[in-house]
Amino acid sequence: MTKSTKIALLASLSLLTNVAYAAVPATYNSDATVVGEADAYTGSGYGISVGNGATLTMTGTQSIAVTSTGGEPVAMNVAKGNLNADVIDITLKPQSSTVSTYGKGFILRGNSTGTINTLNSDITLSSVTTAGNGSPDSNAAYGVAVGYNFNGGGAGDVAKLTVKDATIKVTNTDNTIMGRLSRTFYGFVNVGMESGHQLS
């Protein structure tokens, strides 16, 4: 092996050992380039977040499998940031014991951009109790949301998502029931109605 071949080989090994891989949970508030990997978490928090004007570039396939324990888990959240990705593959399912979870697969909000070659988002809502599930806007599961109002930034902000190939599936568990919304007027008149839930 010549001296120049040895140097080239050592340089290649150095590049391989310095590869950054995505992992969850993770927050990117400065520019980064990562290699996608298969990640999973159980809970109700965020998986990957991009913000503060940062640009996250993801090569390869990034898969995020979320097992929700309740509430509103968000697998990927881009808020006032930028994302460039090859493949994003999201699955969000409730634990068998979870009675109320309204997860979001991918949210792009605020002054943000997203460019993704392939986006797969498979989300399942579980709502098997009428307690506290409120309006359909609150009891809602989203595969993809762009320009999301909550923490969405200012009136002049633009959220733009470009996807070449997308497969979005949003459903509910077999035992999900209609939600109930009730209000009390004048301190004693209680009015209730079935409010349902939202899948989008």
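This structure is a prediction, so every number in the text was calculated from the model and none was measured.

1. Some points on the overall build of the protein
Link 1 in the chain: The number of helices and strands found in the protein is 1 helix and 15 strands.
Link 2 in the chain: Each of the 200 residues in the protein was classed as buried or not, and the buried ones make up 36%.
Link 3 in the chain: In the protein, the proportion of contacts linking residues at least 24 apart, taken out of those at least 6 apart, comes to 74%.
Link 4 in the chain: Accessible area for the protein stands at about 10,500 Å²; split by element, carbon and sulfur atoms hold 53% of it.

2. Some points on the packing of aromatic side chains
Link 1 in the chain: Applying the stated rule across the entire model yields 0 aromatic pairs.
Link 2 in the chain: Cation over ring: K104 sits above Y142, and NZ or CZ is 4.9 Å from the ring centre.

3. Quick word on the environment of E37
Link 1 in the chain: In this structure, E37 sits in the loop between β2 (32-35) and β3 (38-43).
Link 2 in the chain: Separated by 21 residues in sequence, E37 and M58 have C-alpha atoms that sit 9.6 Å apart.
Link 3 in the chain: Ignoring any residue separated from it by four or fewer positions in sequence, one finds E37 in contact with Y21, A22, A23, T61, Q62 and S63.

4. Let's talk about the pattern of salt bridges
Link 1 in the chain: The tally for this structure, following the rule as stated, stands at 2 salt bridges.
Link 2 in the chain: Across the pair K104 and E72 runs a salt bridge, and its minimum N-O distance is 2.9 Å. Of this pair, K104 sits in strand β9 (residues 104-109) while E72 is found in the loop between β5 (55-68) and β6 (74-79), placing the two residues 32 residues apart along the sequence.
Link 3 in the chain: Accessibility expressed as a relative area gives 1% for K104, which makes it buried.
Link 4 in the chain: One salt bridge connects K93 with D122, and the closest N-O pair in it is separated by 3.2 Å. A residue pair is termed long-range when its members are at least 10 positions apart, and K93 in strand β7 (residues 82-94) and D122 in strand β10 (residues 112-127) qualify at 29 residues.

5. With respect to a nonpolar patch on the surface
Link 1 in the chain: A surface patch of nonpolar side chains, amounting to about 460 Å² of accessible area, comprises F185, Y186 and F188.
Link 2 in the chain: Relative to the assigned elements, F188 resides in the loop between β13 (180-185) and β14 (189-194).

6. Considering the nonpolar core
Link 1 in the chain: Among the nonpolar cores identified, the biggest contains 28 residues, and I48, M58, M76 and L83 are the most heavily contacted of them.
Link 2 in the chain: Breaking this core down by element, the ones donating at least two residues are β1 (26-28), β4 (46-51), β5, β6, β7, β9 and β10.
Link 3 in the chain: Among the elements that take part in this core, β7 stands out by supplying 5 residues, more than any other.
Link 4 in the chain: In this structure M58 touches A22, V34, I48, M76, L83, N84, A85, D86 and I88, once residues within four positions along its chain are discounted.
Link 5 in the chain: Membership of the second largest hydrophobic core comes to 5 residues, among which are V74, I107, Y142 and A145.

7. Some remarks on the pairing of β7
Link 1 in the chain: Taken together, the 12 bridges between β5 and β7 define a ladder with parallel strand orientation. Looking across to β7, one finds that L56 is bridged to L83.
Link 2 in the chain: When β7 meets β10, the two strands line up parallel, connected through 10 bridges. What sits directly across from A85, in β10, is I116.

What counts, and at which threshold
Residues numbered from 1 in each chain as written. Predicted model: local features only at pLDDT ≥ 70, side-chain atom pairs only at ≥ 80, totals over all residues. Heavy atoms only, no water. Helix = DSSP H or I, 4+ residues; strand = E, 2+ residues; numbered from the N terminus. Buried < 20%, exposed > 50% of the residue type's maximum accessible area, 1.4 Å probe, protein only. Contact = heavy atoms within 4.5 Å. Areas by Shrake-Rupley, 256 points an atom, 1.4 Å probe, with all protein chains shown as cover. Phe/Tyr/Trp six-rings, centres within 6.5 Å; stacked < 30°, edge-to-face > 60°. Lys NZ or Arg CZ within 6 Å of the ring centre and 35° of its normal. Salt bridge = Lys/Arg side-chain N within 4 Å of Asp/Glu carboxyl O. Patch = residues over 30% accessible without salt bridge, like charges linked within 9 Å, V, L, I, M, F, W, Y side chains within 5 Å. Core = buried A, V, L, I, M, F, W, Y, C linked by side-chain atoms within 4.5 Å. Pairing = 2+ DSSP bridges.

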